[in-house]
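These are the residues of each chain, in order.
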Amino acid sequence: MADDNVVELLKGLDPRKVSRDRFVALLAEMDRLATDGDSVDLSDLDAATFARLITRASADQLQGVLVRPELRARVLNEIFRRMGEHLRVDRAAHTSAVVHWRLTGGTGEGGYDRYETVIEHGTCVSRQEQTREARVTITAHPADFLKLITRNASGPVLFMTGKLKINGDLGFAAGLTSLFDLPRG
């Protein structure tokens, strides 16, 4: 497929109308093209399209993506790369916080994919290296994390059902998503 065709296909894709294998294959093709140096990547998808794909994907389709290390890494890296773009500066201008994310089932230390998000001076920077002490550490399965950031799950409900674990400043964690303009799918 040509690069533009893959992006256009994903923009028009309704995951509810394709099988798990087809959904995973389409994302795998995008990953392959990006890895081969072609000019196509998840960053080519606007936030609303990306959120729509996640929103409409079934738990089985998301699991199919997340069990493939290369797709899991590409999706999670893209989400954390975009965090700064979605920060609501009006709400975060006076916030200074470091959030450590631990996503279960990963390949890093202790079986987690780890990320650090630093919010300060009205900016947000995320990276995989954890360089600073966290105000809060959030642990979740990546599928629950994806649902949370696309507004398809409630943080308090995930917390109360044990799907979201929080260590540190619970009050800050409860308002964390309000610091971002989360895309709707």
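Structural data are supplied above this passage.
Residues numbered from 1 in each chain as written. Predicted model: local features only at pLDDT ≥ 70, side-chain atom pairs only at ≥ 80, totals over all residues. Heavy atoms only, no water.

Caption draft 1: The arrangement of the packing of aromatic side chains in detail. Applying the stated criterion across every chain yields a total of four aromatic pairs. Judged by centre distance (5.9 Å) and plane angle (65°), the ring pair of F80 and W101 falls under edge-to-face. Of this pair, F80 sits in helix α5 (residues 69-86) while W101 sits in strand β1 (residues 97-104); the two residues are 21 residues apart in sequence, bridging distant segments of the chain. Taking the relative accessible area as the measure of exposure, W101 reaches 6% and is therefore buried. Here the aromatic rings of F80 and F145 are separated by 5.3 Å at their centres, their planes lie at 5°, and the arrangement is stacked. Of this pair, F80 sits in helix α5 while F145 sits in helix α7 (residues 142-149), placing them 65 residues apart in sequence. Side by side, F80 and F145 carry an identical accessibility label, which is buried. Pairwise contacts between aromatic rings join F80, W101, Y115 and F145 into one cluster. Above the face of the Y112 ring, R102 is positioned so that its terminal group lies 4.1 Å from the ring centre. (Phe/Tyr/Trp six-rings, centres within 6.5 Å; stacked < 30°, edge-to-face > 60°. Helix = DSSP H or I, 4+ residues; strand = E, 2+ residues; numbered from the N terminus. Buried < 20%, exposed > 50% of the residue type's maximum accessible area, 1.4 Å probe, protein only. Lys NZ or Arg CZ within 6 Å of the ring centre and 35° of its normal.)

Caption draft 2: Structural detail: the pattern of salt bridges. Following the criterion strictly, the structure yields twelve salt bridges and no others. One salt bridge connects R81 with E78, and the closest N-O pair in it is separated by 2.7 Å. Taken as a pair, R81 and E78 lie in helix α5 at a separation of three residues, close to a single helical turn. Among the residues examined, E78 registers a relative accessible area of 6% and is labelled buried. For E116, the salt bridge identified is with R127, shortest N-O distance 3.1 Å. Of this pair, E116 sits in strand β2 (residues 112-120) while R127 sits in strand β3 (residues 123-127), and the two are eleven residues apart along the sequence. (Salt bridge = Lys/Arg side-chain N within 4 Å of Asp/Glu carboxyl O.)

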